[in-house]
Structure formats: C-alpha cells, structure tokens
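Chain by chain, the residues:
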Amino acid sequence: MNQLEQLPIPLLQWFQEHARVLPWRSDPTPYHVWISEIMLQQTRVAAVLDYYRRFLDALPTVAHLAAVEEDTLLKLWQGLGYYNRARNLQKAARQIMEEFGGVFPASYEEILSLAGVGEYTAGAISSIAFGIPVPAVDGNVLRVVARITGDRGDILNAATKARMRAALLETMPKQFPGAYNQALMELGALVCLPNGAPLCEQCPAASFCTAYQEGLTGELPVKAPKKARRVEKRTVFLLFHGGRVALRRRPKRGLLAGLWEYPNEVEAGPAALEAWGITPRTLEAGGAGKHIFSHIEWHMHALLAETADDTLPDGWVWADGRELEEVYAIPNAFQAFSDTVSARLRSSL
DNA sequence: AACTCGGGGTA
DNA sequence: TACCCAGAGTT
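Predicted model only: the values in this text are computed from it and were never measured.

(A) Representation of the pairing of strand β6 (residues 296-307) within the structure. A large share of β6 lies buried, amounting to ten of its twelve residues. Sheet topology note: the strand β1 (residues 230-241)/β6 ladder contains eleven bridges and is parallel. Along β6, the bridge assignment pairs Leu 238 with Leu 304. In terms of strand pairing, strand β5 (residues 280-292) meets β6 through ten bridges, oriented antiparallel. Directly across from Gly 289, in β6, lies its bridge partner Met 300. Hairpin connection of β5 to β6: three residues between the antiparallel strands.

Structure representation (structure tokens):
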C-alpha cells in the first residue's frame, strides 16, 4: 500500500481546485453533514440536491426531526428510495435528544451508535464535521484505492474493505481528515470512473497509480457479479368513487415499508374486489407499467373501477387530488398510473 | 456471508 | 441491458 503514502498532498491540492460546490459543504454542521450523508447512501449527488434543501427547510434542527409526524417525514423522502433511511433518521434524532441531551455526539463510537449510521457514515460525519482522523470508505474510495494500490481483492468482500480502510487510516493526513475523505470520493466521482472508463490523464495520482502504470484500469476494481432479479406480475386496482381514489398503507416492514399504494396483488383478477367487499359499478383495463427495483421487477397491469359505494377494507382511505399530492407518500413504482389517476380525478369534479 | 432495501443516470 | 451510486440492517 506504499502508493497511498504519496497520495495526500497531490490529492488535497487537486481537491482545492476541483471540488464541486455542494450545499452541505457551505455550512458543515454535524446535523447538515449527517442529513446529507444519509441521503447520499447509494444515491447520486444530483438526485439528492432538491431533497436536501427541502428537508432542511422543513426540519432545520435535530429537535424538529425528532418531533415530526412519520407521514410528513415519508412525504419529504418520497421518491428518494431506501425509506428505512428516513425512519432511522428519526430514530437517531430521538437518540440524540434522549441519550445525548439534544447535542450531536462528538466521538466516532457515539456517532456509530446512531440508527442508520454504519462505518462509512460514522467516518464521514466524524471527519467532516468534527475533524476526527478516520477514513470514510464508500464505493468511490474502494475503487480509487483498488486501482492506486493494485489490490485484486473483491471490493464487496469484508476483508478487502477492512484492509483498504486500515491502509487509509495509516496514510491519512491527520490535519485535514474531512477534506481528504471528500477528496477521495470526489476523485472517484469525477475522474476515477467505474466500468473501465477512468480519466487518468486528469488524475493527480496517475504517476504512481498501479492500475494506470500497469494498464489494469479495465480489470480493477474486482467485484463479484450480482444475482438476477425475480419478476412479479402484479394487478394494480385503481378504484374511484366520488372524485377520489382508494389507497392503502403498506406493511411496516419490508419493501416500501409504510408508504401508500394503490391496492395491488400478484396475478389477481376482479375476484379480488369481491374478497375485499368492494362492488364495482364499472370495470375496465387501466394500462400497464413496469418498475425495476434492485432485486425485484414488477410487471403491472391495472384494473380501473368506479365503485358502487364508498365501503373499503379497514385502514384503506379515499384520497382526493390534493391529498394525493400533499399528504400521502406514494413510491415511484406506481408513477406509470399517476396520469391515469389524476385525469380520472379531474374529470369527475 | 448473503440478502434485503429504491430509483435513476449512463454506456 | 447491466452497472453503479458518499451503505445499513437483518438473517
């Protein structure tokens, strides 16, 4: 790992010149850094920007986050994905209020104890907000380190990750841990690009990078292939009555936990309506949609019905157009039907 | 160690 | 298509 010893000075200099202007960098309080880091988990910078601003506008402090209604919180997170991040954020905010007297904890171990904060995020908050010299090893950093050091270990393997983290801890410039960690990630995001397409001629580490010097940028990093997705054929029921549409809340655990949805079942037909005690007055096909998750693929067909009355199973609700927009958090998986639904709600006014 | 958990940009 | 993204929690 000798190459990493040569990295800090050229990388910090490169970062000074090329760092992107990002909202969470302008005032890096622990709260700001924390919220940004949680939003950025497995999520690109461009996707986070608007959510970050809206979130801090609505919930400017830990106390606000600890006290907010769950539906309001999920609405702020709607479309960002990995919704347990939002629930863990509130769990951690309540930890901070109760265990730490409302003051954001200032040690790596305490930060790591917060819900939704793992090794990476604890390192990022510790180094950026508190100046504690610990690494923050994300996917970018794993790729950068694998290439610079020529490490052929699988970067998804825990031992490989631990080895790289240890090497980074050894060679970290103790005066600028936050800038150094961000510089490593920035290099991965802007220059040391994945899929064998790095921009090595722009890289401050090119002169001592193993992968570049030995022509291995196409082989590194090594990463095990993922298994295939399973396909689910789902029938989505778009049920209307009196200018409103039926929604139900998804279970508290599992996929899209706690969000609202148009009732849907795997390979169901009109018989499902009877089982729910719903009597259709009209019934027609309502279009199709596809949504791809990391591990599941939904192939959806809609059945569209006007119901004879307003009876619904327990816990289901009738939502009007305004509530659909402002109250209920509905995942993007159902986006294919949103035009159909809003058109139907408008036409029945 | 393997699996679950979103959604979208990119080639 | 397939890959990847400022990963964490559960099994």
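(B) Region of interest: helix α7 (residues 84-99). Over its 16 residues, α7 extends 21 Å from the first C-alpha to the last, a length consistent with the 22 Å expected when each residue adds 1.5 Å. For α7, every residue scored as buried is listed here: Arg 85, Ala 86, Arg 87, Leu 89, Gln 90, Ala 92, Ala 93, Gln 95 and Ile 96. Its buried side turned inward, α7 meets α3 (30-39), α4 (45-58), α5 (62-67) and α6 (70-77). Gly 101, located one to two residues past α7, shows a positive phi value of around 60°.

(C) Layout of empty space enclosed by the protein. For the structure shown, the criterion picks out one cavity of 30 Å³ or more. As a volume, the largest cavity reaches approximately 80 Å³. Along its surface, the largest cavity is lined by 13 residues, and Arg 147, Cys 192, Cys 200, Cys 203 and Cys 209 are the ones closest to its centre. Ranked by the residues each element gives to the lining of the largest cavity, the list is headed by helix α10 (residues 139-149), at three residues. Class assignment of the residues belonging to the lining of the largest cavity gives a composition of eleven nonpolar, one polar and one charged.

(D) Region of the structure containing the UniProt feature "domain: HhH-GPD" (unreviewed entry) in chain A. Here, UniProt's "domain: HhH-GPD" (unreviewed entry) annotation points to residues 39-190. In this annotation, residues 39-190 is assigned 66% helix and 0% strand; the end-to-end C-alpha distance for the span is 19 Å.

(E) Up close: the domain arrangement of chain A. Entries for chain A in the domain assignment read domain 1 (2-213) and domain 2 (230-347). Between the C-alpha centres of domain 1 and domain 2 the distance comes to 37 Å. Taken together, the contact pairs eight residues of domain 1 with 16 residues of domain 2. Across the domain 1/domain 2 interface, buried area totals approximately 870 Å², and carbon plus sulfur atoms make up 46% of it. In terms of surface lost to domain 2, no three residues of domain 1 exceed Asp 71, Lys 75 and Tyr 83, which account for 53% of the buried area on that side. In this assembly, domain 1 and domain 2 are joined by one salt bridge. A salt bridge links Asp 71 to Arg 249, with the shortest nitrogen-to-oxygen separation between them at 3.1 Å. No other element matches α6, which puts three residues into the side of domain 1 that touches domain 2.

(F) Spatial organisation of the protein's contact with DNA strand B. What surrounds DNA strand B is a group of 18 residues, the closest being Thr 43, Tyr 83, Leu 256, Ser 294 and Asn 332. Protein-proximal atoms of DNA strand B, defined as those within 4 Å of the protein, fall in sugar or phosphate at a share of 58%. For DNA strand B, a phosphate oxygen lies 2.7 Å from a polar atom in the side chain of Tyr 83. Taking His 295, its side chain carries an N or O atom lying 3.1 Å from a phosphate oxygen of DNA strand B. Of the residues contributing to the surface near DNA strand B, the split by class is eight nonpolar, nine polar and one charged.

(G) Spatial organisation of the layout of surface pockets. In this structure, the second largest pocket occupies an estimated 370 Å³ of space. Along the walls of the second largest pocket sit 16 residues, with Tyr 262, Leu 324, Glu 325, Ile 330 and Ser 338 positioned nearest its centre. Of all the secondary structure elements, the ones that give two or more residues to the lining of the second largest pocket are α15 (321-326) and α16 (338-347). Class assignment of the residues belonging to the lining of the second largest pocket gives a composition of six nonpolar, six polar and four charged.

(H) The arrangement of the nonpolar core in detail. Within the largest apolar cluster, 103 residues are counted, with the highest numbers of intra-cluster contacts made by Trp 34, Ile 35, Phe 55, Leu 65 and Tyr 262. Among the domains, domain 1 (2-213) and domain 2 (230-347) are the pair contributing at least three residues each to this core. Residues contacting Tyr 262, with those up to four places away along its chain left out, are Val 236, Phe 237, Leu 238, Val 245, Ala 246, Leu 247, Leu 324, Ile 330, Phe 334 and Val 341. Core analysis: the next-biggest nonpolar cluster, separate from the first, contains eleven residues, Phe 237, Leu 273, Trp 276 and Leu 303 among them.

About the criteria used
Residues numbered from 1 in each chain as written. Chains lettered and ligands numbered in written order. Predicted model: local features only at pLDDT ≥ 70, side-chain atom pairs only at ≥ 80, totals over all residues. Heavy atoms only, no water. Buried < 20%, exposed > 50% of the residue type's maximum accessible area, 1.4 Å probe, protein only. Helix = DSSP H or I, 4+ residues; strand = E, 2+ residues; numbered from the N terminus. Pairing = 2+ DSSP bridges. Expected span 1.5 Å × (residues − 1). Contact = heavy atoms within 4.5 Å. 1 Å grid on protein atoms, 1.4 Å probe; cavity = no way out; pocket = protein on both sides within 12 Å on 5 of 7 lines; lining within 4 Å. Points joined across faces, edges and corners; volume = space filled by probe spheres on them. Nonpolar A, V, L, I, M, F, W, Y, C, P; charged D, E, K, R; others polar. UniProt positions renumbered as here; feature names shortened; annotations may be inferred. Domains from an automatic or database assignment. Buried area = accessible area lost by both parts, 1.4 Å probe. Salt bridge = Lys/Arg side-chain N within 4 Å of Asp/Glu carboxyl O. Near = heavy atom within 4 Å. Polar contact = N/O pair within 3.5 Å; in protein donor to acceptor, adjacent residues only side chain to side chain. Core = buried A, V, L, I, M, F, W, Y, C linked by side-chain atoms within 4.5 Å.

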